Structure formats: structure tokens, C-alpha cells
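Given next are the chains, with one letter for each unit.
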Amino acid sequence: MQKTLYKVNKGLDIKIDGTALFQTDEYHTDIYAIRPDDFHWITPKLSVEEGDQVIVGTTVFCSKDDERIRFVSPVSGQIERIVRGEKRHINHIIIKSDGKLNSETVNLPEIISKETIIDTLLKYGLWTFVRQRPFGCIADYHNSPKAIFISCFDSAPLAPDYQFILNGYENEFQEGINILSKLTGGKTYLCLDSKRDNSFFERTKNVDLQYFSGPHPAGNVGTQINRISPINKGEYIWYIEPQYVATIGRLFLNRQLDFTKTIAVTGPVVGNPRYVKIINGASLKDAFTLKAVDKSGFETDETRFISGNILSGHKVDNECFIGYYDQQITIIKEGGRRRVLGWMYPGLKLWSNSNTYLSKFITRKSYNVDTTLHGGRRVMMFSDTYDNVFPMDIMPMELLKACVTKDIDKMEELGIYEVTEEDFALCEVVCPSKTECQQIIYDGLTLIREQA
Amino acid sequence: MSRIEKTSEKLTRKFKTNKGLSHFYALFDAIDKFLLTPDSTTIRGSHIRDSVDVKRLMTTVMIALTPSLFFGFWNTGYQHFLSYGIQAAFWKCFGFGFLKWLPIVLVTYISGLAVEVFFAQIRKEEVAEGFFVTGMLIPMILPPEIPLWTVAVATIFATLFAKEVFGGTGYNFLNPALVARAFIFFAFPSVISGDSIWIADKADAFTGATPLADVALGNISSLPSIKDMFLGTIPGCLGETSTLAILIGAALLIVTNVASWRIILSVIIGGLAAGFTFNLIGTTPAMSIPPYYHLLMGGFMFGAVFMATDPVTSPHTNSGKLIYGLLIGILTVVIRVCNKGYAEGMMLSILLMNVFTPLIDYLSIQRNINKRVSRWNSAKSNKNSR
């Protein structure tokens, strides 16, 4: 077994309160939702109407461009509502579960080959878990990827521990690996954090283990690909989160269509941060208690629910539906309080990665952050701040400028194929000019897809 | 919501909706955001943001400038009284200098901010903080006896043609403060050159030549002592004479990471290297002065610490910063030593390197691109050979 250590020197760990305790609760709800916006560049084509009965595995919608890419119901029950926004954009498809979890019967192919695996995954709606770089969208099954990456640790703030989540699912995980590794002619990489206990993943066979150390984004698959096997133009890499490897394994091992996943409920204002076992798409509105009014006079209705982490997750409403690919929800305070002459404060309690605040020189255990923007939007000026948190061999500011100016050749040459917006999340956080780096990269990628 | 927040909200609504007042919205907004941090929250992307903003960074630069500024107040008074042979008290010197500086800085801010606010209003943008530093820098690099109308004309010219025509702070490619000085230098040379202007209300009998002028004329023997030059008790522009005060500011800028230590260091190394090389040639008196004299004379350190490090007009890459800094240092000393007509080279060499900054950045970017493209090509040829 190969053992290599990649050191990530640049990056940033943001210390905030509210890490999940190592305790898993079962959580049941009867409201589930699929949010088409979770899938980048997919135009949904609905297969159901309000009031239709569905069972686990019934197609809810498919991609307009490729009807084989199907998005299926995670539970059995009834389509309760199709929530639309502006221009009839589908925001959510809400399913009311009957609690029975009746499922489509699973027929596995007799010969396991790349083609039959892809067919099976497409048929049961599990293909959507496999994503690709470039673009970070659902993998195009016509391509052959040069490798498959599975990042077995998440370095984002308050992220869940995958080894804890997967404990007890060794067989499913191994089966999932066996199946997935048939999809590539190259290697299947498991990327591990050298500082954690990796005994679970180290027992896995048929994989290439790679070790990483350093701050976030060491756990981002983009960083890992950039270090191990950077993407060249025209190449593809597929990646998938460890939990969904087990989901795929379950299908092939137990002939079971089961969208159960364990997520972490985290955040500084959560009273009971812990892990909960849910079915994908669940409404989590009763899964947590919020802390009462704190010293700064914050009230519980001024909270932001985020599906995913605070860097690249998306804001959700009070129903708190978990995103399709998200492994945690984070709840933080809404900000927006104005401070008198704020630019003059020594800044002992404010979080900052910049040395202009004294807090940088004093090690605090963690910060109670909120959503304040802390400043007005300005022109991008300070490239150093990006460079210090961006570990890839890419010039972040130049790439952003190429995206803003819509210069596709420059974007390609500066490495747009190696990144997605989540790789720029830290740049966005530390930017003194408050540039929306993630949106710029997303728009750049969208432009390339439109031109292609 | 506190009372002050409520007042601000009420006024904001008034300035937005009232027809007459809405013309002054940019001005109101700038003052409002100066007094209170903005209440905006994250909408897209990351949900939390760093507490730092451009205002904070610019404030840090302002704080870093204060040692030089305060020393400049005192020195302006000290030089004045010295020319009359009077030993004046500390506060008397300080007050004299302050009163010399005050009208200049007021003229700078009023004329410059008028342009900034006007453009912010028609562009419907917020007033950028860049000018607060520029407005502070301009009086510090001018002689204390500068006519106020030239300051106003130069500031307006610099803000308009070095910054606003390109889109405002962040889009300019020349340092606006230096453009203002260069404008005065070329348009009104008499008010910024010669021996008579560096000491405020100088007694006629006193020479008042700056060390650089002495060097240019070959009067090496009349140079002030190293201690005087380091502490800054010499005639010169208001804020640039004290190397010590500048170094205190530099320490703050480097610790807070606001200015690049790479640029500051490489400018110094470049200057020393050029000075040393001229020592080896040594045919004129100016060539044979010790290299470190160049650091102590004129605006060398002030330029290295506060002008060359402007994040907008300096290169973005680390290697680019080193090249840029080295060339500034070398060019400054070359201009000082080889050009009899103009004693100070710092201003022009920084402006020249500002112009070359995009080229330096281009080379660094191209290196990154070439690396990637050659990786693509080798991957392609590997595939084909298989």
C-alpha cells in the first residue's frame, strides 16, 4: 500500500463554536424536499405532479438535457407541493412521507462491468451522487475519468467526521469502492487526514491511500486533485463523498435503495450540536434546539440556517431542508449590527485573519461569528490576502479577473478547470474588498459551459 | 437597535428619497459609513466574512504615517527657528509646523474629496477610502512653503486624471499622490525646487539646502551628520525627513501585513547595490558617497515604505514585487547620481515602475500559464504515444 503525505501550507481554519458531539440520534420527519438548484447546470423536467403517489426510487424529475439522469424520491408518500419562484423556477419539490419506505424492486445486472454499473446507478437515481471535475457537476457518464477521488475528511468549519459516521458500514463502503473503482481505468484515491484516526478507511481494499495535513481547504477534493493529479484540459476526474459510496454499496450488496445519511447539526447557537441520522432531503426544523438570548442581546429569531458549512453552504428557510450533497447544517447568528467608529476598534473579540485586528495575535478558543459583511464592496486590490489562503498552484486574483472580464482563453490557461466555487470560499471570506469570489467563479464556469 | 442606528436609518431614508438631498447621497453615505460600520449581511457565497475591510487597512496606513507626520510638525518649526538662530521650545516648533501643515492638508482634502464624492455620486458607488491616505500623503511630500493654489490644482489633476478617468480607486495604475507631486514639479518647477523653499519662512541668510542638493552640487563636506539625517533634523518635505519615524511606521505596516515587506526590503537593497556600484566607479563626488547615505537623504525611505507599497499600483506576485522594488531602488540612485538637474529620483522612479507593473505581472502570470500549458501538452503526448 502506498503512503504519501501532502502538506498543505496555505489555508485557514476558522475556529467557531458548536462542533457536533460524537452522539448519533435517529431523527424522523414526514416532510422531505428535493431542491433542483443543488445540481448545477441541470434544468429539471418534472415527471410528477402535485398529489402523485411515489415510492422510494420513483423519478421526481430528470435532466432536460439527458433524461437518463434521474432524480428520485428518497421516501414513499405523496408529492405535496411543487414550490415555484420567479419565472416558474422550481425551488423545491416537497414530498410528504407515509413512513413506510416502500421501495422499487432492485434488479442487479448479472455481469458487473462499467456499462452495467452506470446503467444501474442511472436507473435507481444514484448516479447523481457521482460528480466530476472540471465544473463540479453531476458526472458525464460518456467520459472516462482518469481517476476517482474520495475525500475522507472534511476540513471545513464544524464539519462532520466521516469515520464516525461510517462506523458499522464497512461492508457497504467496501462494496461501493469495488463498484466505483470499475468505472475508471486509473486509480481510486482515498484522501485522508494524517492527523486523525483513519483505521476505518485504512482497512479498505482496492484503493490508493493518500495523506494530507494542514488547514482547510486540505479536505476539499479540489485541493487534493491539484496536488495528486492536476486536471489538464480535456481530462476528467470523478469524485464522491464517502457516505454515498456506502449508499451505492448498499444497492449492490443488499439490493436496497436506501437514502439514509448521517449529518452533523452544528453551529454556535445550537443548544444540542450532535449527529443525526436522517433520510436525504429531510426537513430538519425540529432536529435542534436554539440557545436562548445570549449576552449580546441576540434573539433566537435572528438566526441563519445553512445547509452545508458556513463557507460554501446555502441559506435555507425555517423548514431547514438538508441539501442533496450536504453533510451538515450550521446555524449562526444573523449579523448586521452597526458599530460606532468600527474601523477604530482594537478588535479583540472580532474574528479576522488580518493582522490589523489584535484578535489575530491572541489565541482564542473559538469565536461566535455572525453574518455581518463587515464593510462595503470595493475593487479587488489586495492579492496577498488571497494567496495566503489558496493552496493550489493557481493565481487566484488573476483567475477571478479573467472570469470577470469573460476571457475564456485566459480562464482556461489560468486553471479554471481545476477549481469550482468552493475552492474560492476562503478567498471570499478573507477579502477586504468583500468580493463575491464564489459567484464570479460559478459565472465563469457557466460561461464556459454555454460556449462549449 | 440603538438610538444612533435609528437616527442614521431615518437620515438615510431622507437622503435617498428627498429630491434635493439625494444629490448629496454619496457624501452622506461616506460620513454615515465613517461613523457607523455598515449593516449589510452576506447574501450569496460564504456566510461569514472577515472583520477586515478596506477602511481598516487604510486606517492602519494612516496610523503608520503619524510618527512621520508628528516629527514633520516639529521639524518644520525647528528648521524655521534654526534659520534665525533661535532655540525654540518643543511645543512652539510643533505648533509652528502644525499651522504650516493645516492649510495644505485642508486644501488637499477639500479639493480631492470634492472630486471623489462627485464621481461616487454620478457612478452611484460608495466613496472609496483610497483618497483618505492620498490626501494625507500629498502634504507630506511637499515643501512647507508650497502655494496653496498649486496644491489644489495638483490634487484635482491627480485625482481626476490619475484615478477617476480609469474608474476610481483600484483601477489606477499610477500612485495618485506622486502624480500630484510630479504635476507640481513639471508645471510649477519654481515652487518645488531650489534651496529657498525647504524651510518655512526661512531667514534669507541661511542656506537651507537639502542634503540631496548638496550632493548634486558636489558639496559633500557640507552634508549634515548621519545622526541628523537619520533622526530627520534636516530641511526637506514635511513628512519625509526622519528615517527613524518612517521606520516606526514601516514596522506597523509590516506587522499588520498591510504593506509588503518584500517591496520595502528590495527597494533598500536596490538602492544600496546601486550606491555601492557607483562607489566602485567613483569619478564624481556624488558617486563616492557611502551607499547608505542614499537611504537617509531625501524621500528614499518615505517612498519605499509608503509610496512603492501601494497595493493598487505595485505588482501582485511575490517575485514581481522583488523585481519592482529592486528596480525602484536602483533607478532612484541612478537618477540622483547621474542627473545634476534633478536631485531627487524617488518620485520618478516609482512612477516609472508603476507603469511597468502590468508588464512585471504579465511575466509572472505567463510563467504560471506556461507551466500549465506544458503540463497539458505532455499529458496529451503521453496519451497519444500510448
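Presented here is a report on the structure given in the accompanying data block. Computed from a predicted model, the values in this text were never measured in an experiment.

A closer look at the overall build of chain B
Okay, step 1: Helix and strand counts for chain B stand at 15 helices and 0 strands.
Okay, step 2: Over its C-alpha atoms chain B spans a radius of gyration of 24 Å, differing by no more than 12% from the 21 Å that the globule rule assigns to 386 residues.
Okay, step 3: Structurally, chain B occupies a C-alpha span of about 75 × 65 × 35 Å along its principal axes.
Okay, step 4: Counted over contacts in chain B with a minimum sequence separation of 6, partners at least 24 positions apart contribute 71%.
Okay, step 5: Of the roughly 16,700 Å² of accessible surface on chain B, 68% is carried by carbon and sulfur atoms.
Okay, step 6: Positive and negative side-chain charges in chain B, numbering 31 and 22 respectively, have mean positions lying 11 Å apart.

Section: the overall build of chain A
Okay, step 1: For chain A, the count of helices and strands is 11 helices and 20 strands.
Okay, step 2: The C-alpha radius of gyration of chain A comes to 22 Å, within 12% of the 22 Å expected for a compact globule of 452 residues.
Okay, step 3: When the backbone C-alpha atoms are referred to their principal axes, chain A occupies close to 70 × 50 × 45 Å.
Okay, step 4: A buried classification covers 63% of the 452 residues belonging to chain A.
Okay, step 5: Taking as baseline every contact in chain A between residues at least 6 positions apart, the subset at least 24 positions apart corresponds to 68%.
Okay, step 6: A total of about 17,900 Å² of accessible surface is found on chain A, and carbon and sulfur atoms cover 47% of it.

Considering the interface of chain A and chain B
Okay, step 1: Each partner contributes to the interface: chain A provides 75 residues, whereas chain B provides 57 residues.
Okay, step 2: Among the residues chain A hides against chain B, the three largest losses belong to Arg338, Trp343 and Arg378 of chain A. Together they make up 16% of the total.
Okay, step 3: Here chain A and chain B share 9 salt bridges between them.
Okay, step 4: Counting the contacts that link chain A with chain B gives 39 residue pairs in polar contact (both at pLDDT 80 or more).
Okay, step 5: Mapped by element, the contributors of at least two residues to the side of chain A that touches chain B are strand 18 (303-307), strand 19 (314-316), helix 7 (383-387), helix 8 (396-404), helix 9 (408-413), helix 10 (425-430) and helix 11 (437-451) of chain A.
Okay, step 6: In terms of residue class, the side of chain A that touches chain B is made up of 30 nonpolar, 23 polar and 22 charged.

Focus on the sheet that holds strand 9 (residues 90-97) of chain A
Okay, step 1: The strand order 3-9-8-5 (chain A) describes an open sheet built from 4 strands, whose pairing is antiparallel. Each edge of the sheet is formed by a strand with only one pairing partner; in this case those strands are strand 3 (31-34) and strand 5 (53-54) of chain A.

Overview of the nonpolar core
Okay, step 1: Membership of the largest hydrophobic core comes to 94 residues, with the highest contact counts inside it found for Phe302 and Phe306 of chain B.
Okay, step 2: With 11 residues, helix 3 (residues 54-83) of chain B is the single largest residue contributor to this core.
Okay, step 3: Split by domain, this core shows at least three residues from each of two domains, domain 1 (14-36 + 54-197) and domain 2 (211-369) of chain B.
Okay, step 4: Filtering out sequence-adjacent residues up to four positions away, Phe302 of chain B remains in contact with Leu65, Leu137, Met140, Ile141, Gly239, Glu240, Ile246 and Met307 of chain B.
Okay, step 5: Core analysis: the second largest hydrophobic core is formed by 83 residues, Ala20, Ile82, Leu108 and Leu180 of chain A among them.

Description of the packing of helix 5 (residues 130-140) of chain B against helix 7 (residues 176-187) of chain B
All names here are of chain B.
Okay, step 1: With their axes 8 Å apart at the nearest point, helix 5 and helix 7 run at an angle of 35 degrees to one another. Both helix 5 and helix 7 take part in a crossing whose hand is right-handed. Contacts between helix 5 and helix 7 involve Thr134, Leu137 and Ile138 from the first element and Pro176, Ala177 and Ala180 from the second.
Okay, step 2: Of the residues in the contact of helix 5 with helix 7, the class split is 5 nonpolar, 1 polar and no charged.

Section: the sheet that holds strand 10 (residues 131-133) of chain A
All names here are of chain A.
Okay, step 1: Taken in spatial order, the 7 strands make up an open sheet running 1-14-13-12-15-10-11, and their pairing is mixed. Either end of the sheet is taken by a strand with one partner, and the two such strands are strand 1 (4-7) and strand 11 (137-138).
Okay, step 2: Of the strand pairs in this sheet, strand 1 and strand 14 (residues 208-213) are connected by 4 bridges, and their pairing is parallel. Along strand 14, the bridge assignment pairs Leu5 with Tyr211.
Okay, step 3: Those strands touched by helix 5 (residues 221-228) are strand 1, strand 10, strand 12 (147-151), strand 13 (187-193), strand 14 and strand 15 (237-239), and its axis lies near 135 degrees from that of strand 12.

Remarks on unusual backbone geometry
All names here are of chain A.
Okay, step 1: Arg133 connects to Pro134 through a cis peptide bond whose omega is -10 degrees.
Okay, step 2: In this structure, Pro217 follows His216 across a cis peptide bond, with omega equal to 10 degrees.
Okay, step 3: Along the chain, Pro217 turns up in the loop between strand 14 and helix 5.
Okay, step 4: Residues other than glycine seldom take positive phi values, yet Arg88 does so here, at roughly 60 degrees.
Okay, step 5: By the element assignment, Arg88 lies in the loop between strand 8 (77-84) and strand 9.

Here's the deal with the pairing of strand 9 of chain A
All names here are of chain A.
Okay, step 1: When you tally the buried positions in strand 9, you get 6 out of 8 residues, the bulk of the element.
Okay, step 2: Sheet topology note: the strand 3/strand 9 ladder contains 4 bridges and is antiparallel. What sits directly across from Ile31, in strand 9, is Lys96.
Okay, step 3: As paired strands, strand 8 and strand 9 are joined by 7 bridges and run antiparallel to one another. Opposite Ile79, over in strand 9, you have Ile95 as the bridge partner.

Quick look at the packing of aromatic side chains
Okay, step 1: Summed over the entire model, instances satisfying the criterion amount to 49 aromatic pairs over all chains.
Okay, step 2: Among the aromatic residues, those joined into a ring-pair cluster are Phe39, Phe61, Phe71, Phe129, Tyr244, Phe259, Tyr324 and Tyr325 of chain A.
Okay, step 3: The ring of Tyr357 of chain A carries the charged tip of Arg56 of chain B above its face, separated from the ring centre by 3.8 Å.

So, the side chain of Glu412 of chain A
Okay, step 1: Looking at the element boundaries, Glu412 of chain A is found in helix 9.
Okay, step 2: A relative accessible area of 12% places Glu412 of chain A in the buried class.
Okay, step 3: There is a polar contact of 3.1 Å between the side chain of Glu412 of chain A and the side chain of Lys233 of chain A.
Okay, step 4: A polar contact is formed between the side chain of Glu412 of chain A and the side chain of Tyr417 of chain A, at a distance of 2.6 Å.
Okay, step 5: Other than its neighbours up to four places away in sequence, Glu412 of chain A contacts Lys233 and Tyr417 of chain A together with Arg372 and Trp376 of chain B.

Scoring rules and cut-offs
Residues numbered from 1 in each chain as written. Chains lettered and ligands numbered in written order. Predicted model: local features only at pLDDT ≥ 70, side-chain atom pairs only at ≥ 80, totals over all residues. Heavy atoms only, no water. Helix = DSSP H or I, 4+ residues; strand = E, 2+ residues; numbered from the N terminus. Rg over C-alpha atoms; globule rule 2.2 N^0.38 Å. Contact = heavy atoms within 4.5 Å. Areas by Shrake-Rupley, 256 points an atom, 1.4 Å probe, with all protein chains shown as cover. Lys, Arg positive; Asp, Glu negative; His and termini not counted. Charge placed at Lys NZ, Arg CZ, Asp CG, Glu CD. Buried < 20%, exposed > 50% of the residue type's maximum accessible area, 1.4 Å probe, protein only. Buried area = accessible area lost by both parts, 1.4 Å probe. Salt bridge = Lys/Arg side-chain N within 4 Å of Asp/Glu carboxyl O. Polar contact = N/O pair within 3.5 Å; in protein donor to acceptor, adjacent residues only side chain to side chain. Nonpolar A, V, L, I, M, F, W, Y, C, P; charged D, E, K, R; others polar. Pairing = 2+ DSSP bridges. Core = buried A, V, L, I, M, F, W, Y, C linked by side-chain atoms within 4.5 Å. Domains from an automatic or database assignment. Axes fitted to C-alpha atoms, helices over the stretch in contact; angles between N-to-C directions. Left-handed = near helix turned anticlockwise from the far one by under 90°. Phe/Tyr/Trp six-rings, centres within 6.5 Å; stacked < 30°, edge-to-face > 60°. Lys NZ or Arg CZ within 6 Å of the ring centre and 35° of its normal.

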